[in-house]
Amino acid sequence: MTEKQAKKKKIPRQPMSERAPEVRKLNFDEVPLGYSAGTAMAEAQRCLQCKKPSCVTGCPVQVDIPGFVRQIADGDYSGAIQTIWTRNSLPAICGRVCPQEIQCEGECILGKKDEPLAIGNLERFAADYAMEHGGGELPEKAAPTGKKVAIVGSGPSGLTVAGDLLLKGHDVTLLEAFHKTGGVLVYGIPEFRLPKDIVASEVAALEKLGLRIEVNRVVGRTVSLDELFEEGYDAIYIGVGAGLPRFLNIAGENFIGVFSANEYLTRANLMKAYLFPKYDTPIIKGKNVAVIGAGNVAMDSARTAMRLGAERVRIVYRRSREEMPARAAEIHHAEEEGIEFHLLTNPIRFIGDENGRLAKMECQQMELGEPDESGRRRPVPIEGSEFIMDCDLAVVAVGAGANPLLTASDPEIKLNSRGYIAADPKTGKTTKKGVWAGGDIVTGQATVILAMGAGRTAADSIHDYLTIGW
Amino acid sequence: MFKIVGRESMAGDTVILNEIEAPRIASKAKPGQFVILKANETGERIPLTISDLDANKGTITVIYMVVGKSTALFKTLGVGDAYQDVIGPLGKPTDIEKVGRVVCVGGGTGIAVLFPITRGFKETGNEVISIIGARTKDLLILEDKMRSVSDELHVCTDDGSYGRKGFVTEVLKEVLEKNKADLAVAIGPVPMMKFVSKMTYDYNVKTLVSLNPIMIDGTGMCGCCRVSAGGETKFACVDGPEFDGHKVDYDNLMDRLRAYEQQEKQAYDEFCESEAL
Ligand SMILES: Cc1cc2nc3c(=O)[nH]c(=O)nc-3n(C[C@H](O)[C@H](O)[C@H](O)COP(=O)(O)OP(=O)(O)OC[C@H]3O[C@@H](n4cnc5c(N)ncnc54)[C@H](O)[C@@H]3O)c2cc1C
Ligand SMILES: Cc1cc2nc3c(=O)[nH]c(=O)nc-3n(C[C@H](O)[C@H](O)[C@H](O)COP(=O)(O)OP(=O)(O)OC[C@H]3O[C@@H](n4cnc5c(N)ncnc54)[C@H](O)[C@@H]3O)c2cc1C
Ligand code: SF4
Ligand code: SF4
Ligand code: FES
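Position numbers for residues count from 1 along each chain, tracking the sequence in the order it is written. Key to labels: chains lettered from A, ligands numbered from 1, both in the order written. Given that the model is predicted, a residue must reach a pLDDT of at least 70 before its local features are reported, and side-chain atom pairs must reach 80 or more before they are shown or counted; all residues, however, enter totals for whole chains, interfaces and linings. Note that the side-chain values use all heavy atoms of the structure and ignore hydrogens as well as water.

Q: Quick one: what's the story with the overall build of chain B, residue by residue and with numbers?
A: Each helix corresponds to a stretch of at least 4 residues labelled H or I by DSSP, and each strand to a stretch of at least 2 residues labelled E; elements are numbered beginning at the N terminus. Each helix and strand counted, chain B has nine helices and 17 strands in total. For a compact globule of 277 residues, the expected C-alpha radius of gyration is about 19 Å, and chain B comes in at 18 Å, within 12% of that figure. The buried share of chain B, reckoned over its 277 residues, is 58%. If you sum the accessible surface of chain B, you get close to 11500 Å²; carbon and sulfur atoms cover 48% of it. Residues scored as charged are limited to Lys and Arg (positive) and Asp and Glu (negative), so that His and the chain ends carry no count. By convention, the point assigned to a charge is CZ for Arg, NZ for Lys, CD for Glu and CG for Asp. Between the centroid of the 33 positive side chains of chain B and the centroid of its 40 negative side chains there is a distance of 3 Å. Atoms counted for the radius of gyration: C-alpha only. Globule rule: 2.2 Å times the number of residues to the power 0.38. Residue exposure (1.4 Å probe, protein chains only): buried if accessible area is under 20% of the type maximum, exposed if over 50%, otherwise partly exposed. Computed with the Shrake-Rupley method and a 1.4 Å probe, the accessible areas treat only the protein chains shown as cover for residues.

Following this line, the structure appears as structure tokens:
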């Protein structure tokens, strides 16, 4: 055993092959190419199979990591996906987009001395393998209960609730405002990071389980919650995401060429503006692009701008490198693709030309002061450090707020002080009987896996309600 | 799929009316609200006002002017064809109350948007004076329908080919000189709304305008439709589409409507070529 362990230690963390930066920055193909079976097996063998696996505590849905990793090491790939599926119904997505370095991999014991196990890569491998080889077996469904559930919003949170409740035998309908399902997974996260085929195939699997989908249904406008109850639904889950763009509230923000990240990415991804004029929706292709913010949304916007042909793309962020909230892999990929980082820099004004188009942006240099409520050091402006940069396209990616469209339509749904739905964290119950909520509309913009975790909690509680009572 | 059950060509085939099967929308929509339509898989999401509806038949009517690629594509759809997606009703309904005397001013295809609102005010017991205008006689739409819901109807054309010669603002001035109005509603091209609002400001008449910025989702998610009103940024799809005409920054709206001028032209030219139009 000790000898075997010693041997294992010698295997270095297996890198995943990727498209070269100079090629990929000109197209929308997925960047990391996945593991081969051989590489996956070699990586899986690095796992120490800890008795008390700390990695699992780092995963918000407690995937049995040593369990599925051992199965990959043994070549039992279909066993591996079954193991993952018991906790996580969207592994092809999570393997690609979870911030592993602060979740599962952040807690992996191997990371203390060496590099942590590539848990995300292995999860992605198991999921992709299952998809390529017939999808694995569909889980068994419980006998029909005759209860009807409406799920509002088709992001990761709603999809998770749908999957769980279908398996428990309920009759589930998904209502989506857009003409396509997937939430941020289709309108926000770009193709080069999460191919839309993958999202579509996860949704198709749910349809095979009996999910009914109604797109173009804006709950709060086209139908109210009470009308859904009148239509015969016994319970409703709200997973509508954050969905309100935040702007900087500085001068010149309405010039042509200043976008919210939501608009810019929705045009590019959902409406496929990168294929204009084959697709009808246009987008502005900047030469000198500035993206304000440094989270995943900012990286996605910057890399999209690069792929649309920008000459220069800059991330403009008012804090320092340590505070950048994006996944490590995205920052790394962005840098490889030639995106510049202007840190400790804050925009103070947009400047337009005579046609109302953005031409320049005035910024101010910042320095780090005392820590603020979030524990991060507060950026404070340096007097006299103002400067002007050329920029014909600016994408504001400084976070999202709570979209009030649905919540304002029903006074029984109580909100917290920030406008998000007040839901019981243990059950997901809202203040309206028969209605649950979870994901970004409760927590504010967070992560895919947290939205899914909230969905799972709510699904359990909805099931109890439908079989026992409120 | 949303089937087209009725189609009319108007204004010399530059404006098209579609009656569309959409029972859920027809049962809910109120004057002032709009829908977003997408013709097919590769299509754009295009906002159009609900000009009329028949809740019993489960249909809504939209009237659109052919101005670019997407509306040209819509024009190729006939009775029996279908839109892939129709989303709505979106936007806030018009605040229709009994206020007394209402002056409704419409220009071009704006008259299609104005009609259900005018009818709403009439049905609520207001005295309605309407003024409608177009560039030339052939482009004037919905004259009969507007007449049927107005106590008084004035018609004008820019070139004098029909009705009074001149702009709607000239007639409006006379109307306001003669009558004390309690509310004005102005819907049409942005410059028209701008000048009507200027005039009603001078006469101290509260004025509603319906704005048409470029949109995508129509649910307040993207911020594409933002307009500046009273120095504040508002999202037309959820805070509007109607605004206090005296507060709107029309110049910014006109600029923003030109955001994709060059791409729109490219798309339209390529479409005309491929369709041999
Ligand atoms: C660009 C971008 C990149 C991101 N990158 C990552 C990443 O790398 N890793 C990560 O973990 N997280 C990432 N996130 C965050 C993550 O995507 C979200 O936390 C997650 O998608 C939230 O899921 P949700 O189900 O709560 O809502 P959403 O995914 O937002 O889905 C909500 C759905 O509800 C629909 N809806 C809204 N209102 C209504 C209504 N009234 N009626 C009907 N339907 C409605 C919306 O159209 C949408 O489809 C990213 C987010 C963005 C925007
Ligand atoms: C709430 C609302 C209600 C409207 N109601 C009507 C109506 O009842 N009848 C009617 O004829 N028109 C109406 N419009 C305008 C109509 O949406 C545009 O004329 C249409 O989108 C033009 O598309 P296109 O591809 O044919 O033309 P393009 O060549 O793309 O553009 C021509 C013009 O339309 C504007 N435009 C382009 N795309 C959009 C978009 N996605 N959303 C809004 N404007 C756009 C452009 O700024 C440009 O000025 C309405 C707009 C809004 C916002
Ligand atoms: S779901 Fe995310 S956090 Fe959990 S094991 Fe998978 S990649 Fe890690
Ligand atoms: S902590 Fe790391 S080494 Fe231990 S079981 Fe988890 S993945 Fe394997
Ligand atoms: S159209 Fe997106 S916010 Fe109004």
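From this point, things continue past the structure.
Q: Go over the interface of chain A and chain B with me, naming the residues and quoting the values.
A: Taken together, the contact between chain A and chain B spans 46 residues of the former and 46 residues of the latter. By definition, the buried area sums, over both parts, the 1.4 Å-probe accessible area that each loses when the two are put together. The largest share of the area that chain A buries against chain B comes from Arg221(A), Asn254(A) and Asp280(A), three residues that together contribute 22% of it. Each salt bridge in this description consists of a side-chain nitrogen of Lys or Arg and a carboxyl oxygen of Asp or Glu lying within 4 Å of one another. Between the two partners, chain A and chain B, sit four salt bridges. Across the pair Arg24(B) and Glu214(A) runs a salt bridge whose closest N-O atoms are separated by 3.6 Å. In protein, a polar contact means a hydrogen-donor-capable atom and an acceptor-capable atom, both N or O and within 3.5 Å, with residues adjacent in sequence counting only if both atoms are side-chain atoms; elsewhere, any N or O pair within 3.5 Å suffices. There are 19 residue pairs in polar contact (both at pLDDT 80 or more) connecting chain A and chain B. Elements supplying a minimum of two residues to the side of chain A that touches chain B: strand S5 (243–245), strand S6 (258–260) and helix H14 (261–270) of chain A. In this analysis, two residues are considered to be in contact whenever any of their non-hydrogen atoms come within 4.5 Å of each other.

Q: So what's going on with the environment of Asp164(A)? Residues and values would help.
A: Residues and elements named next belong to chain A. One can find Asp164 in helix H10 (residues 156–167). In the structure, Asp164 is positioned 23 residues away from Lys141 in sequence and 9.8 Å away in space, judged by C-alpha atoms. When residues no more than four places from it in sequence are discounted, the contact partners of Asp164 are Arg456 and Ala459.

Q: Which residues make up the site of ligand 3, and what are the values?
A: Residues are classed as near a molecule or strand on a simple rule: at least one heavy atom within 4 Å of it. Taken together, Cys59(A), Pro60(A), Ile65(A), Asn88(A), Cys94(A), Cys98(A), Gln100(A), Gln103(A), Cys104(A), Glu123(A) and Ile449(A) form the complete shell of residues around ligand 3. Classifying every residue of the shell around ligand 3 gives seven nonpolar, three polar and one charged. Polar here means any residue other than Ala, Val, Leu, Ile, Met, Phe, Trp, Tyr, Cys and Pro, which are nonpolar, and Asp, Glu, Lys and Arg, which are charged; Gly is therefore polar.

Q: An account of the site of ligand 1 is needed here, citing residue identities and associated values.
A: Residues and elements named next belong to chain A. Neighbouring ligand 1 are 35 residues, the closest being Val97, Ser157, Glu176, Arg193 and Val219. Residue Val219 places a main-chain N or O atom 2.8 Å away from a nitrogen atom belonging to ligand 1. Protein chains bury 95% of the 1000 Å² of accessible surface belonging to ligand 1 in isolation. The residue makeup of the shell around ligand 1, split by class, is 17 nonpolar, twelve polar and six charged.

Q: Talk me through the sheet that holds S6(A); I want residue IDs and the actual numbers.
A: Residue and element names in this part refer to chain A. Two strands are counted as paired when DSSP detects at least two bridges linking them. Across the sheet, five strands lie side by side as S6-S14-S7-S8-S9; this open sheet has parallel pairing. Edge positions in the sheet fall to S6 and strand S9 (340–342), since each has one partner strand and no second. Across this sheet, the average inter-strand angle for adjacent strands is 25°, counted without regard to direction. Summarising the sheet, strand S7 (residues 288–292) and strand S8 (residues 312–316) pair through five bridges and their orientation is parallel. Its bridge partner lying in S8, Val289 is registered against Val313. The strands touched by H14 are S6 and strand S14 (393–396); relative to S6, the strand with the most contacts, the crossing angle is about 85°. For every element, the axis is a line fit to its C-alpha atoms; helices are fit only across the contacting stretch, and the angle between N-to-C directions ranges from 0 to 180 degrees.

Q: Could you give an account of unusual backbone geometry, with specific residues and numbers?
A: Leaving glycine aside, a negative phi is the common case for residues, and trans is the common case for peptide bonds. Between Phe276(A) and Pro277(A) the backbone carries a cis peptide bond, its omega angle lying at 5°. You can see Pro277(A) is positioned in the loop between H14 and S7. Note that the residue after Gly88(B), namely Pro89(B), is joined by a cis bond; omega there is -5°. Mapping Pro89(B) onto the fold places it in strand S8 (residues 85–90). Even without being a glycine, Asp13(B) presents a positive backbone phi close to 70°. Inspection of the secondary structure assignment puts Asp13(B) in the loop between strand S1 (2–10) and strand S2 (15–21).

Q: With reference to specific residues and values, describe the domain arrangement of chain B.
A: All names here are of chain B. We note that the domain assignment places domain 1 (2–90) and domain 2 (101–257) within chain B. Each domain's extent is set by a domain assignment, obtained either automatically or from a database. Here the C-alpha centre of domain 2 lies 21 Å away from the C-alpha centre of domain 1. Interface of domain 1 and domain 2: buried area, both sides summed, is about 1500 Å²; carbon and sulfur atoms make up 65% of it. Taken together, domain 1 and domain 2 are joined by two salt bridges. Between Asp52 and Arg119 there is a salt bridge, with its nearest N and O atoms 2.8 Å apart. The interface formed by domain 1 and domain 2 holds five residue pairs in polar contact (both at pLDDT 80 or more) in total. Of the residues forming the side of domain 1 that touches domain 2, the biggest block, three residues, is contributed by strand S6 (residues 59–65).

Q: Quick one: what's the story with helix H5 (residues 65–73) of chain A, residue by residue and with numbers?
A: Three or four residues apart is the spacing at which side chains of an α-helix point the same way, because the helix has 3.6 residues per turn. Residue and element names in this part refer to chain A. Counting buried positions along H5 yields eight of nine residues, so the element is predominantly enclosed. Inspection of H5 places Ile65, Pro66, Gly67, Phe68, Val69, Gln71, Ile72 and Ala73 among the buried residues, and these make up the whole buried set. Measuring from the backbone nitrogen of Gly67 back to the side-chain oxygen at the start of H5 gives 3.0 Å, which picks out Asp64 as the cap. Once H5 ends, the next one or two residues include Gly75, with phi positive near 80°.

Q: A description of the pattern of salt bridges should follow, citing residues and the corresponding values.
A: Residue and element names in this part refer to chain A. A full pass over the atoms with the stated rule returns 49 salt bridges over all chains. A salt bridge links Asp460 to Lys168; the shortest N-O distance between them is 3.3 Å. Taken as a pair, Asp460 in helix H19 (residues 448–467) and Lys168 in the loop between H10 and strand S2 (171–175) lie far apart in primary sequence, 292 residues in all. When the shortest N-O distance is used, the salt bridge between Lys360 and Asp390 registers 3.2 Å. One end of the pair, Lys360, is in strand S11 (residues 358–371); the other, Asp390, is in strand S13 (residues 387–390), with 30 residues separating them in the sequence. With relative accessibility at 32%, the residue Lys360 sits in the partly exposed group. Ionic contacts of the salt-bridge type, sharing partners, join the residues Glu18, Arg24, Arg193, Asp300, Arg303, Arg307, Arg327, Glu330, Glu336 and Glu337 into one network.

Q: I'd like to hear about the packing of aromatic side chains, residue by residue, with values.
A: Stacked, tilted and edge-to-face are the three classes applied to pairs of Phe, Tyr and Trp rings, where Trp contributes its six-membered ring and a pair requires centres within 6.5 Å; stacked means planes under 30 degrees apart, edge-to-face means over 60, and tilted covers the rest. If you walk through the whole model with that rule in mind, you get eleven aromatic pairs over all chains. Where Phe247(A) meets Phe235(B), the ring centres are 6.4 Å apart and the plane angle is 75°; that geometry is what we call edge-to-face. Of the two residues, Phe247(A) sits in the loop between S5 and S6 while Phe235(B) sits in strand S16 (residues 232–235), which places them in two different chains. The exposure class assigned to Phe247(A) is buried, which follows from its relative accessible area of 13%. A centroid spacing of 5.3 Å and a plane angle of 55° characterise the contact between Trp436(A) and Tyr465(A), whose relative ring orientation is tilted. Of the two residues, Trp436(A) is situated in strand S16 (residues 435–437) and Tyr465(A) in helix H19; the sequence distance between them amounts to 29 residues. No difference in accessibility class separates Trp436(A) from Tyr465(A), as the two residues are buried. A cation sits over an aromatic face here: Lys148(A) above Tyr233(A), 4.5 Å from the ring centre. In this scheme, the term charge over a ring applies when either NZ of a lysine or CZ of an arginine sits within 6 Å of the ring centre and within 35 degrees of the ring normal.

Q: Could you give an account of the environment of Gly188(A), with specific residues and numbers?
A: Residues and elements named next belong to chain A. For Gly188, the location among the structural elements is in the loop between helix H11 (184–187) and helix H12 (196–208). Considered as a pair, Gly188 and Ala268 are 80 residues apart in the sequence and their alpha carbons are 8.8 Å apart. The residues touching Gly188, leaving out its near neighbours within four places in the chain, are Gly183, Leu265, Asn269 and Asp300.

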